[in-house]
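Structural overview for review
The chain contents come next:
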Amino acid sequence: MINSLLVFTSLAGITAWVSVPVIILIVLALIYLILINIMSAQVEKRSNRVRQPPPYMVSSEVQALHNRLLVADLHADALLWKRDLLQTGRTGHVDVPRMLEGNIAFQVFGVVTKSPKGQNFESNSSQSFDNITLLSVLSGWPPRTWGSLFQRALYQARKLEQFANRSEGKLMRVLNQKDLQIFLEHRRAGDRITAGFPCLEGTHALEGKLENLDVLYEAGFRMIGLTHFFDNEAGGSAHGREKGGLTAFGKDVVRRTQELHMVVDLAHSSPRIIDDVLAMTTMPVVASHTGVRGTCDNVRNLSDDHIRGIARTGGVMGIAMFEQAVCECSVDATARAMRYTADLVGVDYVALGCDFDGTVEAPIDYRGMALLTEALLKQGFSEAEIQQIMGWNFMRVLMAVLPE
Ligand SMILES: [Zn+2]
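Remember, predicted model here, so these are calculated numbers, not experimental data. (Residues numbered from 1 in each chain as written. Predicted model: local features only at pLDDT ≥ 70, side-chain atom pairs only at ≥ 80, totals over all residues.)

1. Considering the overall build of the protein
Note the cut-off: Secondary structure elements are taken from DSSP: a helix is a run of H or I of four residues or more, a strand is a run of E of two residues or more, and numbering for both begins at the N terminus. Think of it as a crowd count around each C-beta: if 20 or more other C-beta atoms lie within 10 Å the residue is buried, if 12 or fewer it is exposed, and in between it is partly exposed, with C-beta placed from the backbone throughout.
Scanning the protein for helices and strands turns up 14 helices and 11 strands. For the protein, buried positions account for 46% of its 404 residues.

2. A few points about the domain arrangement of the protein
Put simply, the rule is: Segment limits for the domains were obtained from an automatic or database-derived domain assignment. Two residues form a contact once the distance between their C-beta atoms, set from the backbone, is within 7 Å. Note on residue categories: nonpolar means Ala, Val, Leu, Ile, Met, Phe, Trp, Tyr, Cys or Pro, charged means Asp, Glu, Lys or Arg, and polar means any other residue, Gly included.
Domain boundaries assigned for the protein yield domain 1 (1-47) and domain 2 (60-401). Computed from C-alpha coordinates alone, the two centres of domain 1 and domain 2 are separated by 40 Å. Taken together, the contact pairs 8 residues of domain 1 with 9 residues of domain 2. By residue class, the composition of the side of domain 1 that touches domain 2 is 4 nonpolar, 2 polar and 2 charged.

3. Quick word on helix H8 (residues 248-259)
Two residues of an α-helix separated by three or four positions point the same way, owing to the 3.6 residues in each turn. To keep it simple, the criterion reads: The span one expects for a helix is its residue count, reduced by one, times 1.5 Å. Of all possible arcs, the one meant is that of the directions from the helix axis to the C-beta atoms.
Across its 12 residues, H8 extends 17 Å between first and last C-alpha, which sits within 8% of the 16 Å expected from 1.5 Å per residue. Taken together, the buried positions of H8 are Gly250, Val253, Val254 and Thr257. Looking down the long axis of H8, one finds its buried residues gathered within 95 degrees of arc, a one-sided arrangement. Turned more than 90 degrees away from the buried face of H8, the exposed residues are Ala248 and Glu259. Contact partners of the buried residues in H8: helix H7 (211-218), strand S7 (223-225), strand S8 (263-265) and helix H9 (271-280). After H8 finishes, the residue His261 shows a positive phi value of roughly 65 degrees.

4. Points about unusual backbone geometry
A cis amide bond links Pro54 to the next residue, Pro55, at an omega of 10 degrees. Following the sequence through the fold, Pro55 ends up in the loop between helix H1 (20-47) and helix H2 (60-68). For Glu207, which is not glycine, the phi dihedral falls at a positive 55 degrees. As for its position among the elements, Glu207 is in the loop between strand S6 (194-201) and H7. Positive phi, normally seen in glycine, also occurs at Lys243, with a value near 55 degrees. With respect to the helices and strands, the residue Lys243 is situated in the loop between S7 and H8.

5. Focus on the environment of Asp84
Examined against the element boundaries, Asp84 turns out to sit in the loop between strand S3 (71-76) and helix H3 (96-101). Remark: the alpha-carbon pair of Asp84 and Asp95, spanning 11 residues in sequence, is separated by 7.9 Å.

6. Details of the nonpolar core
Our working definition: We define the nonpolar core as any set of buried residues of the types Ala, Val, Leu, Ile, Met, Phe, Trp, Tyr and Cys, connected via C-beta atoms lying within 7 Å of each other.
Formed by 104 residues in total, the largest nonpolar core has its most connected members in Leu266, Met317, Val350, Leu376 and Ile389. Contacts of Leu266, omitting those with residues within four sequence positions, involve Leu226, Ile274, Val277, Val285, Val286, Ala287 and Ile310.

7. A few points about the pairing of S6
Selection rule: Here the rule is simple: two strands pair whenever DSSP picks up at least two bridges between them. Convention used here: a crossover is right-handed provided that the path from the first strand, over the helix, to the second strand proceeds clockwise when the strands point away from the viewer.
Counting buried positions along S6 gives 8 out of 8 residues, so the element sits mostly inside the fold. Inspection of the sheet shows strand S4 (residues 104-111) paired to S6 by 6 bridges, in the parallel sense. Along S6, the bridge assignment pairs Phe106 with Ala195. Examined bridge by bridge, strand S5 (residues 171-173) and S6 share 3 bridges and lie parallel to one another. By the bridge assignment, Arg173 is partnered in S6 with Gly196. Between the parallel elements S5 and S6, the chain passes through helix H6 (residues 177-188) in a crossover that is right-handed.

8. Notes on the environment of Ala238
Following the sequence through the fold, Ala238 ends up in the loop between S7 and H8. A C-alpha to C-alpha distance of 5.1 Å links Ala238 and Ser269, two positions 31 residues apart in sequence. Ignoring any residue separated from it by four or fewer positions in sequence, one finds Ala238 in contact with Lys243, His268, Ser269, Ser270, Val299 and Arg300.

9. A word on H9
Listing the buried residues of H9 in full gives Ile273, Ile274, Asp276 and Val277. All buried residues of H9 lie within an arc of 165 degrees about the axis, which places them on one face of the element.

10. Let's talk about the confidence of the model for the protein
Which entries qualify depends on this criterion: For every residue, the predictor states its confidence as a pLDDT score lying anywhere from 0 to 100.
When the pLDDT values of the protein are averaged, the result is 92; 96% of them are 70 or greater. Note that pLDDT drops below 50 for residues 1-14; the model gives that stretch 12 contacts with residues more than four away or on any other chain.

Shown next as structure tokens:
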């Protein structure tokens, strides 16, 4: 009787009796794997477009200046997608080969764990259907991540660690002052290497538990964005329903983040949260990927008062490079927002935070970053000022905040 439920199979010279349910399971698993690869590439192709594909041309003088920079970008969501970041991708904006080609040395990797369906800048509910649940299943993430925001954060940090381990020294994780100095010495010696660490995009991934912050620290997180597109346990989002200030839990999160020597990131935070953090911070804070209302007036962007407040902490504004942040899909619009910020508070507080791979259309991918250097020259910045904006201002923040 049992034989009627078994099928004789021959695979690569191995013969075996396999039950029909097992065959069905194998076929379903194969279909799932094929679907994962087709669907995830399609989703990313639609999500992270490039307005102007390569080749990118600048004069030899501009290229030479760009090659002398240490470029640091404060935000890219490259870990969200099913790509090997050690290979040049056919989709998206950021990977290690494209970083090296565009002379981007340092990358803060945003870690998104929840994104509401119908996401918009004005008002989002935390109860909406979550797109990342679908993405995690379609991308073949481990089942433990399908129902847990915290596990999604750990999984993406682990991905970065594995890329670094496989990179043969081309990508290093910078987790403390010693790592930072080693990385900077390599760059000074002319070694073509990149570095970075993960940044949490929204503390809803803590799942209401402060102790999870310590686990994220152990996993390599060195920057914590308080909110993303909806209000959470820590407080209000710029795009939430209530847009409130820090809750008691939120204050504990800010305090513990700084005790652990991680950077507090105010991108996407409600204006009231920004006020509350500025009133209590003991360290430089950043807005990792933002625009400024002075050149692009919308709820996503920083007011002059908040630019002044963040500058007063010694932190930086990472100016983004996509239409909703700078009101135009161009490198020139990013350079204009940098000029506005520098004129308001001084060049020491201006940085770069493109938000590439963050479901945005980018004017260029990383290989074209010399075009931003060209645009900054057109804005009248000197080479020394461009050095600061493109990387050294953020290195100063890391030297002030990262643990020993
Ligand atoms: Zn973001």
